[in-house]
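Coordinate inspection notes
For reference, the chains in residue letters:
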Amino acid sequence: MNLDPDDTECAFRHEVRSFFANPLPASWRARVRAGIRLEPAEYIAYQKSLAARGWGAPTWPLEFGGTGWTATQLYIFESEASRADAPAQFHQGLELIGPILFTYGSAEQKAKYLPRIISADDWWCQGYSEPGAGSDLASLSTRAIREGDSYVITGQKMWTSYAHVASHMFVLARTSVEKRKQSGISLLLVDMATPGITVRPIDSLDESHHVNEVFLDEVRVPAGNLVGEEGNGWSYAKALLDRERGVTAANALRLSNSCVRYARQRCVRAAAVGC
């Protein structure tokens, strides 16, 4: 197998490297190097700059507004972004709910939400974990009861990253009680401005605020906000978590590239002073 880049891939690398030749703010780069999160407004600004270039959704198919890049192109993009100390794109919309929507969502959901995910006009958070359903997610107790053209959601979510700034949340809720606990779970899209939602911060050891607990008290959402089929949310959740593992792999690539680069720089400096 020939793993050497061809002329097209070399040209693509040059294109990406040229894009990142315009330095990002020094404060961003310093925090990326230190492994510190950017502020939400900074993630949004970065996402908008990529969207303006047509690179807002690197892993998405062309038909849904993505780049349609090959695996090699994705590797090149991530490598060059890491080389430039660029942040990873915020993934809740792009890599979690976005792909679920373009795979299982209705035409109306795709038209409404996908462009706003790419443009960062919407910020999504993930309503999965609960006080009694963390690693055993299928034990969730949040309920969504169908009433006419709406679902009424009641329950609590925990460890919800950036719920305090999110415009929307995708929520796993139980729409029926079945013998098999993985059954009867549905996936619903919730506007965070809907009455009945309370967000409370959870203080973490790094003394930053990015996780929260979210209380849903008879939150009424349109029935059209159901993703796919009622009761099939567990299947969608598993597909979404597979995407989340892909995000972890991309972050590991960035980290390994950075470690190699910094190690080389350290060796050069050590040689210069005769160590």
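Okay, so let's go over this structure. (Residues numbered from 1 in each chain as written. Predicted model: local features only at pLDDT ≥ 70, side-chain atom pairs only at ≥ 80, totals over all residues. Heavy atoms only, no water.)

1. Topic: the overall build of the protein chain
Regarding its fold elements, the protein chain presents seven helices and seven strands. Listing the helices and strands of the protein chain from first to last along the sequence gives α-α-α-α-α-α-β-β-β-β-β-β-β-α. Long-range contacts, defined here as pairs at least 24 residues apart, represent 71% of the contacts in the protein chain between residues at least 6 apart. Carbon and sulfur atoms make up 53% of the accessible area of the protein chain, which totals about 14,300 Å². (Helix = DSSP H or I, 4+ residues; strand = E, 2+ residues; numbered from the N terminus. Contact = heavy atoms within 4.5 Å. Areas by Shrake-Rupley, 256 points an atom, 1.4 Å probe, with all protein chains shown as cover.)

2. Concerning helix 6 (residues 107–118)
Helix length check: helix 6, at 12 residues, gives a terminal C-alpha distance of 17 Å against a target of 16 Å (1.5 Å per residue), a fit within 8%. When we look at burial in helix 6, the residues that qualify are Gln109, Tyr113, Leu114, Ile117 and Ile118. Viewed end-on, helix 6 has its buried residues packed into an arc of 125°, placing them on one side of the element. The exposed set on the far side of helix 6, more than 90 degrees from its buried face, consists of Glu108, Ala111 and Lys112. Contacts made by the buried residues of helix 6 are with helix 3 (40–53), helix 5 (91–104), strand 1 (124–127), strand 4 (168–174) and strand 5 (185–191). Phi turns positive one or two residues past the end of helix 6, at Ala120, with a value near 65°. (Expected span 1.5 Å × (residues − 1). Buried < 20%, exposed > 50% of the residue type's maximum accessible area, 1.4 Å probe, protein only. Arc of directions from axis to C-beta.)

3. Comments concerning the pairing of strand 5
Most of strand 5 sits inside the fold, with six of its seven residues counted as buried. By the bridge criterion, seven bridges tie strand 4 to strand 5 in an arrangement that is antiparallel. Directly across from Arg174, in strand 5, lies its bridge partner Ile185. (Pairing = 2+ DSSP bridges.)

4. Observations concerning the packing of helix 5 against helix 6
Two packed helices can be described by the angle between their axes and the distance between those axes. Look at helix 5 against helix 6: their axes get within 10 Å of each other, and the N-to-C directions meet at 160°. Considering the angle they form, helix 5 stands roughly antiparallel to helix 6. Along this stretch, helix 5 crosses helix 6, giving a crossing that reads as left-handed. Across from Gly93, Leu94, Ile97, Gly98, Leu101 and Phe102 in helix 5, the residues of helix 6 making contact are Gln109, Lys110, Tyr113, Leu114 and Ile117. Tallied by class, the residues present in the contact of helix 5 with helix 6 amount to seven nonpolar, three polar and one charged. (Axes fitted to C-alpha atoms, helices over the stretch in contact; angles between N-to-C directions. Parallel < 35°, antiparallel > 145°, perpendicular 65-115°, else oblique. Left-handed = near helix turned anticlockwise from the far one by under 90°. Nonpolar A, V, L, I, M, F, W, Y, C, P; charged D, E, K, R; others polar.)

5. Focus: helix 5
Along its 14 residues, helix 5 runs 18 Å from first to last C-alpha, staying within 8% of the 20 Å computed at 1.5 Å per residue. The principal kink in helix 5, of about 40°, is found at Ile97, preceding the proline Pro99 by one to four residues. In terms of burial, helix 5 is a largely internal element, 11 of the 14 residues being buried. Residues Gln92, Gly93, Leu94, Glu95, Leu96, Ile97, Gly98, Pro99, Ile100, Leu101 and Phe102 constitute the buried set of helix 5. (Bend = angle between axes of the 7 residues up to and from the residue.)

6. Brief notes about the side chain of Gln92
By secondary structure assignment, the location of Gln92 is in helix 5. Leaving out residues up to four positions away in the same chain, Gln92 has contacts with Ile97, Trp124, Gln126, Ser161 and Phe170.

7. Looking at the environment of Val177
Along the chain, Val177 turns up in the loop between strand 4 and strand 5. Take Val177: its relative accessible area is 65%, and that puts it in the exposed class. Sequence spacing of Val177 and Ser141 is 36 residues, and the spatial spacing of their C-alpha atoms is 9.9 Å.

8. Comments concerning the pattern of salt bridges
The tally for this structure, following the rule as stated, stands at 12 salt bridges. As a salt-bridge pair, Arg31 and Glu42 come within 2.7 Å of each other at their nearest N and O atoms. With Arg31 in helix 2 (residues 26–34) and Glu42 in helix 3, the pair connects residues that are 11 residues apart, well separated along the chain. The same class applies to Arg31 and to Glu42, which are both buried. Connected through shared salt-bridge partners, Arg13, Arg17, Glu80 and Arg83 make up one network. (Salt bridge = Lys/Arg side-chain N within 4 Å of Asp/Glu carboxyl O.)

9. Concerning the nonpolar core
One broad trend across soluble globular proteins is that nonpolar side chains are buried collectively. The biggest cluster of nonpolar side chains holds 38 residues, and the ones touching the most others in it are Phe20 and Ile153. Secondary-structure elements contributing two or more residues to this core are helix 1 (7–19), helix 3, helix 4 (71–83), strand 3 (150–157), strand 4, strand 5 and strand 7 (211–222). With four residues, strand 7 is the largest single contributor of residues to this core. Once you skip the residues sitting within four places of it in the chain, Phe20 turns out to touch Tyr46, Phe77, Glu80, Ala81, Ala84 and Ala86. Counting 29 residues, the second largest nonpolar core, distinct from the first, contains Leu94, Leu114, Ile117 and Leu140. (Core = buried A, V, L, I, M, F, W, Y, C linked by side-chain atoms within 4.5 Å.)

10. Some remarks on the packing of aromatic side chains
Counting across every chain of the model gives 18 aromatic pairs. For the pair Phe19 and Phe20, a centre-to-centre distance of 5.1 Å together with 80° between the ring planes defines the contact as edge-to-face. You can call Phe20 buried: its relative accessible area is 10%. A ring pair is formed by Phe20 and Phe77, whose centres lie 6.0 Å apart and whose planes are at 45°; its orientation type is tilted. In this pair, Phe20 is assigned in the loop between helix 1 and helix 2 and Phe77 in helix 4, connecting sequence segments 57 residues apart. Considered together, Phe20 and Phe77 belong to a single accessibility category, that of buried residues. An aromatic cluster is defined as three or more aromatic residues linked by ring pairs; in this entry it consists of Phe12, Phe19, Phe20, Trp55, Trp69 and Phe77. (Phe/Tyr/Trp six-rings, centres within 6.5 Å; stacked < 30°, edge-to-face > 60°.)

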